[in-house]
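# Structure at a glance
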Amino acid sequence: MRLTKLLERVLSAVPVALGVAILAFLFLRFLPGDPVEIMLGDTQVSQQQLAALRSQLNLDKPLLTQLGIFLSGLLRGDLGESIVKHAPVAKLIGDTLPATIELTLATVLVGILIALPVGIISAVRSGSWLDRTVLSGALVGISMPAFWFGLIMILLFAVELRVLPTSGRIAAAMVVDRTTGFMLVDTLLAGDLKAFGVALKHLVLPALTLGVVFAAVLARVVRTSMLEVLSKDYVTTARAKGLREWGVILKHALRNALIPALTVTGLQFGELLGGNMIVETVFAWPGLGRLVVSSIFARDYVVVQAAVMLYALTYVGANLVVDALYTLLNPRIAL
Amino acid sequence: MHRIKWLLLSLVALVLMSANAEKLTFVLDVTENRSDEGQAIVAQLQAIGIDASLRVWQTTVLRDEMLAGTRAASTSDWGSAYFDPFDLAIPKLRTKDRGNYSFYSNAAVDEAFRVASTSIDDATREQAYLTAQRQIFADAPLVFGYVLQNIEAASDSVQGWEPAADNSENFSRVSVIGSDTLVIGMRVNAVVTLDPAMYRDRDTEAVLRNIFDALTIPTAEGQVQPHLATAWRVIDPLTYEFDLRSGVTFSNGEPLDADDVVFTFERILTEGAIDGATSPRAGLLGPIDHVEKVDATTVRFVYKETFPQELVLQALTHFQIVPKDYLTEVGVAAFTAKPIGSGPFVYARGALDSQVVLEANPTHWNGAPKLKSVVWQMMPEASTRIAALLAGEVQVIQAVPPDLVERIASVPGVAVHTALGTRSYQIELNNAAAPFDDTRVRQALNYAIDWDSILKNIYRGYADRLSTVFLPSGFGYAEDLAPYPYDPNKAKELLRQAGYETN
């Protein structure tokens with residue numbers, strides 16, 4: 001992969017993110033609802049007080065002026081301040097993003113660990129009862145609502161069996177100083193192995209809930225592309241050379257079969273990094289999804305437009321990484 | 001031949017349409033959380049021949065639509081922070097007030113409200129509220145609804161705790177058998193801030209009330225008691241004077257005196273006082289002019305217009321006193337990150353969107369709390385809160401949905417606790433446009449809905465009927481005013497008088 005190409009791709013993400021941010025800004029302003037009305041709730045408030053708050057938050061300015069304020073802040077690297085929480089948006093996102101990244105990595109890991117072996121075996125034994133079980137199992141996995149599945153997992157593992165905690169990232173009474181925001185890293189940095197174990201246990205159920213659904217999608221992709229590759233001439237050649245069957249499958253076939261799987265994983269990564277609001281709510285996981293959805297309900301425009309911009313960057317980034325990995329798996333694919 | 005057939009068909013259609021046009025026809029707009037209730041209501045209305053249909057909205061969007069006057073009938077709810085109709089019935093029903101989504105206007109009611117919110121004589125205020133209630137009841141500007149109880153649940157190991165009517169959880173006297181830590185499962189995504197000047201929601205207030213003290217404190221039933229203020233008196237109709245408790249210190253050792261109280265209210269009342277931002281809390285204090293220091297332990301609240309003493313005392317329960325010296329020294333951002341108060345607990349650590357950990361303040365003027373620490377755990381999903389309570393991870397949970405109460409009631413070791421609600425739920429009717437500009441039609445709807453069965457079946461009995469939008473827990477409530485009874489025949493009679501056809 002040439003460096004200039006890579007740079008070109010990275011730079012091309014900037015106008016995309018900017019365009020998305022402007023669209024998000026405009027769409028949000030057309031949404032019914034006034035953030036000041038929502039924030040003040042049910043109070044005796046005079047019209048003067050309402051107007052004063054609106055003008056302080058620049059909400060009384062013309063749309064273009066507001067957009068100008070947003071863009072000029074953006075150029076200075078300032079995402080603005082939350083209307084409701086009075087905190088810099090960069091801080092709010094920075095506080096929640098590590099939790100979401102941690103869950104994303106765990107989810108993708110769970111997904112790959114389940115989907116790869118299942119998909120491969122299912123392709124190799126295609127048509128067998130095992131294959132048919134996998135296929136129908138995957139269908140169940142894809143159609144399962146995360147909300148329901150998450151609650152079932154909590155009831156089973158946390159309430160009935162009591163082997164895992166219901167929710168949160170760490171036990172209520174545990175003290176861990178925040179350095180990176182990644183609970184698994186912070187507990188290790190603090191040298192607290194017990195807390196590390198507790199944090200790991202907290203990660204299991206949400207990662208399984210999201211991971212099983214992802215695995216269902218991925219396993220089907222792995223199976224299909226594996227079936228296709230296994231019928232290719234070079235695989236027959238490898239077999240004719242007298243290589244061991246599993247050597248053929250894992251060394252020769254899998255490498256090429258992984259390319260479609262990689263695409264799916266990349267997309268899933270981009271999606272998960274936005275934060276899954278439902279799973280974050282069910283497992284009381286303080287991630288980006290909850291921040292964004294609650295900000296939408298509060299009409300906290302400043303937070304939402306920054307988050308949407310981040311989403312765009314994440315997708316572009318995930319795609320870039322996937323493309324780079326393609327060239328590693330198959331050098332004939334150019335970036 | 002074809003032409004005659006079409007003519008006949010359109011004639012039949014015309015006859016059918018004119019028959020329908022005589023029925024009362026409207027759309028009931030409901031917020032998502034009340035769609036079950038909406039379905040039941042629509043079914044009841046249809047049964048007596050009202051052509052009602054249902055539409056479900058996101059709360060904020062529906063409110064905008066109501067304010068624009070484009071909806072005929074919509075569900076709404078409104079909460080009260082005072083145990084007084086001052087911030088519920090008045091904003092909802094005074095002409096052109098902020099919560100008057102039904103565009104109701106009655107000069108007699110407006111006048112009664114003016115007297116009730118400006119008179120400094122309690123008997124006069126009470127009389128004014130009673131007058132207003134009877135007039136509102138007769139005018140039926142809304143379909144009057146109900147007040148939901150505040151349902152929480154706790155492990156039996158929790159001692160000395162009861163939920164409070166306004167979510168003012170104060171854990172200074174609570175203990176837990178076999179543990180020195182209490183964990184509370186909160187209903188929200190996040191606490192808004194730890195700066196007592198910058199929030200408006202109750203959940204944030206519940207946490208802050210344990211870190212800070214206020215001049216007055218409410219009992220679980222809403223009676224005001226002395227707290228940092230030990231006594232108060234009326235100096236003149238516009239001035240109230242408060243004696244402050246002496247010997248109180250903030251948890252950093254800084255003594256709490258009149259300067260801190262004045263500073264606390266100045267940063268709320270002055271525009272742009274909080275690093276350029278304005279506090280959203282000024283409205284809670286009524287028509288106040290300023291707060292001034294008399295001496296180290298005496299302050300005065302000076303009003304622009306007369307404002308009843310009871311309302312001042314109620315309002316003060318919501319204002320947490322902050323340390324002037326510490327806050328000015330470290331600045332707003334550092335203070336919000338590590339707040340210092342004089343309350344029974346001290347902020348230890350946490351993140352606003354996951355958990356806030358408080359530790360006991362051993363030198364609190366009212367005695368050290370029994371617990372060593374209190375942890376507020378954000379758990380926005382009700383089923384997760386219940387699971388955490390059953391798994392023993394938390395000892396108290398907020399906001400149990402009525403349909404999940406049984407899940408807890410059947411388990412030994414945990415119990416459901418209820419407190420009075422402070423939020424009125426109703427159906428707004430657009431009084432400014434047909435068909436609800438006719439009092440008879442509005443009254444008919446009040447007779448046509450069987451609230452008792454709805455409250456029993458959908459809210460499992462954890463709700464109480466309201467005769468108007470005045471709460472039984474509030475000042476000046478008309479005890480003798482019974483809610484509109486369920487009387488479909490009376491409803492049909494009124495509709496027929498108003499010129500509509502019924503079943």
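Residues numbered from 1 in each chain as written. Chains lettered and ligands numbered in written order. Predicted model: local features only at pLDDT ≥ 70, side-chain atom pairs only at ≥ 80, totals over all residues. Heavy atoms only, no water.

Residue and element names in this part refer to chain B. Under the domain assignment used here, chain B contains domain 1 (2–148 + 422–501), domain 2 (150–212 + 343–419) and domain 3 (225–340). Across the contact, 11 residues belong to domain 1 and 12 residues belong to domain 3. Together domain 1 and domain 3 conceal approximately 1,000 Å² of surface at their shared face, both sides included; 65% is due to carbon and sulfur atoms. Area buried by domain 1 at its contact with domain 3 is led by Ala81, Tyr82 and Ile120, which between them contribute 49% of it. On the surface where domain 1 and domain 3 come into contact, there are zero salt bridges. Applying the counting criterion to the domain 1 and domain 3 interface returns three residue pairs in polar contact (both at pLDDT 80 or more). For the side of domain 1 that touches domain 3, the element with the highest residue contribution is helix α5 (residues 107–118), accounting for three residues. Taken together, the residues of the side of domain 1 that touches domain 3 sort by class into six nonpolar, three polar and two charged. (Domains from an automatic or database assignment. Contact = heavy atoms within 4.5 Å. Buried area = accessible area lost by both parts, 1.4 Å probe. Salt bridge = Lys/Arg side-chain N within 4 Å of Asp/Glu carboxyl O. Polar contact = N/O pair within 3.5 Å; in protein donor to acceptor, adjacent residues only side chain to side chain. Helix = DSSP H or I, 4+ residues; strand = E, 2+ residues; numbered from the N terminus. Nonpolar A, V, L, I, M, F, W, Y, C, P; charged D, E, K, R; others polar.)

All names here are of chain A. Put simply, helix α13 (residues 288–297) and helix α14 (residues 301–329) touch, their axes get as near as 9 Å, and they point 140° apart. Between α13 and α14, the crossing angle belongs to the class labelled oblique. For the pair α13 and α14, the sense of crossing is left-handed. In contact with Leu288, Leu291, Val292, Ser295 and Ile296 of α13, α14 contributes Val303, Val304, Ala307, Leu310 and Tyr311. (Axes fitted to C-alpha atoms, helices over the stretch in contact; angles between N-to-C directions. Parallel < 35°, antiparallel > 145°, perpendicular 65-115°, else oblique. Left-handed = near helix turned anticlockwise from the far one by under 90°.)

As a further point, take the packing of aromatic side chains. Any aromatic ring pair is given by two values, namely how distant the centres are and how the planes are angled relative to each other. All names here are of chain B. Inspection of the entire model under this criterion finds 22 aromatic pairs over all chains. Ring centres of Tyr129 and Phe475 lie 6.2 Å apart, and the angle between their planes is 70°; this geometry places the pair in the edge-to-face category. Highlighted residues: Tyr129 in helix α6 (residues 122–139) and Phe475 in the loop between β21 (463–465) and α16 (488–497), separated in sequence by 346 residues. For the ring pair Tyr240 and Tyr303, a centre distance of 6.3 Å and an interplane angle of 75° mean the geometry is edge-to-face. Remark: Tyr303 occurs in strand β14 (residues 298–303) and Tyr240 occurs in strand β12 (residues 239–244); sequence separation between them is 63 residues. When sorted by exposure, Tyr240 lands in the same class as Tyr303, which is buried. Counting every residue linked through ring pairs, the aromatic cluster contains Tyr82, Phe86, Tyr240, Tyr303 and Phe307. Sitting over the face of the ring of Tyr199, Arg281 holds its NZ or CZ atom 4.0 Å from the ring centroid. (Phe/Tyr/Trp six-rings, centres within 6.5 Å; stacked < 30°, edge-to-face > 60°. Buried < 20%, exposed > 50% of the residue type's maximum accessible area, 1.4 Å probe, protein only. Lys NZ or Arg CZ within 6 Å of the ring centre and 35° of its normal.)

Many analyses report the size of an interface as the accessible area lost when the parts associate. Tallying the contact residues gives 46 residues for chain A and 49 residues for chain B. The junction of chain A with chain B conceals about 3,900 Å² of combined surface from both sides, 52% of it contributed by carbon and sulfur atoms. If you sort the residues of chain A by the area they bury against chain B, Asp42, Gln44 and Ala172 of chain A come out on top, with a joint share of 19%. Along the contact surface separating chain A from chain B lie one salt bridge. The interface formed by chain A and chain B contains 13 residue pairs in polar contact (both at pLDDT 80 or more). Elements with a contribution of two residues or more to the side of chain A that touches chain B: α2 (35–40), α3 (47–56), α7 (146–160), α12 (277–282) and α13 of chain A. Ranked by residues supplied to the side of chain A that touches chain B, first place goes to α7 of chain A with six residues.

This brings us to the packing of helix α5 (residues 89–124) of chain A against α13 of chain A. All names here are of chain A. In contact at an axis separation of 7 Å, α5 and α13 are set at 135° when each is read in the N-to-C sense. With respect to α13, the axis of α5 lies oblique. Residues Leu92, Ile93, Thr96, Leu97 and Thr100 of α5 form the contact with α13, whose participating residues are Leu288, Gly289 and Leu291. Taken together, the residues that form the contact of α5 with α13 break down as five nonpolar, three polar and no charged.

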